[in-house]
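# Descriptive analysis of the structure
So the chains spell out like this:
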Amino acid sequence: MSMTASLALTVPELILSVGALLLLLVAAFGGDGFARAIGWGAVALFAAAGFALTGPAGNGGPGFDGLYIADSFAAFAKLLIYIAAAVSVAVAPGFFARTGGGYRAEYPVLILLSGVGMGMMVSAGDLLTLYVGLELQSLSAYVLASFLRRDTRSAEAGLKYFVLGALASGILLYGISLLYGFTGTTLFAGISDSLAKGMGTGQMFGMVFVFAGLAFKISAVPFHMWTPDVYEGAPTPVTAFFASAPKVAGMALLLRVAIEAMGSGTDAWRQIVVFAALASTILGAVAAIGQTSMKRLLAYSSINNVGFALFGLAAGSAEGVAATMTYMAVYIAMTLGSFICVLQMRDRDGQPVETIASLSGLSRSRPGLAAAFAIFMFSLAGIPPLFGFWPKFLVFDALVRAGFWPLAMVGIATSVIGAFYYLKIVKTIYFDDPAPTPFAPAASKLEGGLITLAALAVSPLGYLAIPLLDATSMAAARALF
């Protein structure tokens, strides 16, 4: 494939990269007074990048001699990433204005650059492309976590994320070096061919380290330790971003590496995935029970949900991968909706309130917000008829079809444990006595509109999207097999 044809495959990344540089120039010359305009410019760029997926960038095949892959799997993941990133940009100005932290023009630019990295991650066909994309996403994320420079918690979150992220990157690089040393290539196709001839000890260690590095990026146990502290300390719009777009990118990258690069060693990596899935669902459910902060609870919820998504990968089939991608699509709606509801938790002075106790009696002071919280909590718990039940059913169905019904039974049991703390939130909202300081009235029509859209998406109306969602996720999964 020619260089021009290869570049045509990367149009979404080119749009975001060039747009980010232009907006950075506007920020440099115009200052923070242009921050809101730059933010809406970033949202427009994400929309343009998503529209570009309808061309060769959506299903054009490999480019740059296999370093970059534009297929339906990457297109599906990028669409979810761009939607989540655009929402994270759109809700930020109101939060920073209310808290007095100051909305700076660098925020949307960092999200754009992170989006470029995530796009490279899900389209990687080579271990080096994987690493470059992952680091571009991570470096932007470190800055975003500590965006409130005068806030101690935000600075601490950024430092913890940076230190532990650097450790995870080192582990990942060590695994990449081992795989290269024992297979003689960094291309996914070449690694798969090498593993098909037999997996040696060196290749096994390389695979373990690569999976460990990627597990950090998706907050899978036992590499989850950074998640609660970073989610709690980072500004809430940044936390919403961390819990959505990078999760999709990390999960999609893990799926591509497992199936395309290491599909020949499925029996070996399945043990790692099964352990991570079980540990994540159990710890995510149990550790969330005693939390008093809503953001920390949602952090453990994200760990729990990553475990359920990994069950689909453990099946090792096209149906399992499709179930995982469907899970991530619905997870995006549930998580973003939940965090935008958290953005509504503020006192009369506009300062954020994050304790679960402050939700007491919310149904009396803000019935609309209470109903939205209830919908998202019930959906995260996987309780029918809400749409959050459907992706859980799909991953368990994929496990049963692959013959892993005992694993499915354990997963169902852990989902019951997780339902406890989601229902506790609903009980606090509807049955506890009202908190002494009620929340401030709704101030943002944009946030209210996004909450409504997300609530409708995870309501029973979401089942109407099953034919489209199943078709697109299965087409994405088959691109890997």
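Residues numbered from 1 in each chain as written. Predicted model: local features only at pLDDT ≥ 70, side-chain atom pairs only at ≥ 80, totals over all residues. Heavy atoms only, no water.

### Here we look at the overall build of the protein
Assigned secondary structure in the protein consists of 23 helices and two strands. Its C-alpha atoms give the protein a radius of gyration of 21 Å, within 12% of the compact-globule value 23 Å for 481 residues. Taking the principal axes of the C-alpha coordinates as reference, the protein spans close to 65 × 60 × 40 Å. Counting across all 481 residues of the protein, residues that qualify as buried make up 61%. Excluding contacts between residues fewer than 6 apart, the proportion of contacts in the protein whose partners are at least 24 apart in sequence is 81%. Put simply, the protein shows about 17400 Å² of open surface, and 71% of that area lies on carbon and sulfur atoms. Charge-centre separation for the protein: the mean point of 25 positive side chains lies 6 Å from the mean point of 23 negative side chains. (Helix = DSSP H or I, 4+ residues; strand = E, 2+ residues; numbered from the N terminus. Rg over C-alpha atoms; globule rule 2.2 N^0.38 Å. Buried < 20%, exposed > 50% of the residue type's maximum accessible area, 1.4 Å probe, protein only. Contact = heavy atoms within 4.5 Å. Areas by Shrake-Rupley, 256 points an atom, 1.4 Å probe, with all protein chains shown as cover. Lys, Arg positive; Asp, Glu negative; His and termini not counted. Charge placed at Lys NZ, Arg CZ, Asp CG, Glu CD.)

### Here we look at helix α23 (residues 466-478)
Over its 13 residues, α23 runs 18 Å from end to end, which matches the ideal 18 Å to within 8%, given 1.5 Å per residue. Along α23, the residues classified as buried are Ile466, Leu469, Ser473, Met474, Ala476 and Ala477. Projection of α23 onto a plane perpendicular to its axis shows the buried side chains occupying an angular sector of 160 degrees, all on one side. Along α23, the residues that are exposed and aim more than 90 degrees away from the buried face are Pro467, Leu468 and Arg478. Of the surrounding secondary structure, the elements contacted by the buried residues of α23 are α5 (72-90), α17 (318-343) and α20 (389-401). (Expected span 1.5 Å × (residues − 1). Arc of directions from axis to C-beta.)

### Some words on the pattern of salt bridges
For the structure on display, the rule yields 13 salt bridges. Between Arg296 and Glu232 there is a salt bridge; the shortest N-O distance is 3.1 Å. Of this pair, Arg296 sits in helix α16 (residues 294-315) while Glu232 is found in helix α12 (residues 227-233), placing the two residues 64 residues apart along the sequence. Look at Glu232 and you get partly exposed, because its relative accessible area is 22%. When the shortest N-O distance is used, the salt bridge between Glu354 and Lys295 registers 3.6 Å. Here Lys295 lies in helix α16 and Glu354 lies in the loop between α17 and α18 (362-365), a separation of 59 residues in the sequence. Each member of the pair Glu354 and Lys295 is classed as buried. Each of Glu156, Lys160, Asp229, Glu232 and Arg296 takes part in one network of salt bridges that share partners. (Salt bridge = Lys/Arg side-chain N within 4 Å of Asp/Glu carboxyl O.)

### Some thoughts on the nonpolar core
The tendency in soluble globular proteins is for nonpolar side chains to be buried as a group. Ranked by internal contacts, the top residues of the largest apolar core, which has 171 residues, are Phe242, Met262, Met294, Leu310, Phe373 and Met377. Aside from chain neighbours lying at most four places away, what touches Leu310 is Ile218, Ala220, Met251, Leu254, Val273, Ala276 and Ala277. (Core = buried A, V, L, I, M, F, W, Y, C linked by side-chain atoms within 4.5 Å.)

### Structural notes on unusual backbone geometry
Residue Pro222 is bonded to the preceding Val221 through a cis peptide linkage, with omega at 10 degrees. The residue Pro222 is located in the loop between α11 (201-217) and α12 in this model. Pro385 follows Pro384 through a cis peptide bond whose omega is 10 degrees. Tracing the sequence through the fold places Pro385 in the loop between α19 (367-380) and α20. Positioned with a positive phi, Asp65 is a non-glycine residue whose angle comes to about 55 degrees.

### So, the packing of helix α7 (residues 106-122) against helix α8 (residues 127-145)
Their axes nearest at 7 Å, the elements α7 and α8 cross at an angle of 155 degrees. Here α7 lies roughly antiparallel to α8, going by the angle between them. By crossing handedness, the relation of α7 to α8 is classed as left-handed. In this structure, α7 contributes Tyr107, Leu110, Ile111, Leu113, Ser114, Val116, Gly117, Met118, Met120 and Met121 to the contact, and α8 contributes Thr129, Leu130, Val132, Gly133, Leu134, Leu136, Gln137, Ser140, Val143 and Leu144. Counted by class, the contact of α7 with α8 contains 14 nonpolar, six polar and no charged residues. (Axes fitted to C-alpha atoms, helices over the stretch in contact; angles between N-to-C directions. Parallel < 35°, antiparallel > 145°, perpendicular 65-115°, else oblique. Left-handed = near helix turned anticlockwise from the far one by under 90°. Nonpolar A, V, L, I, M, F, W, Y, C, P; charged D, E, K, R; others polar.)

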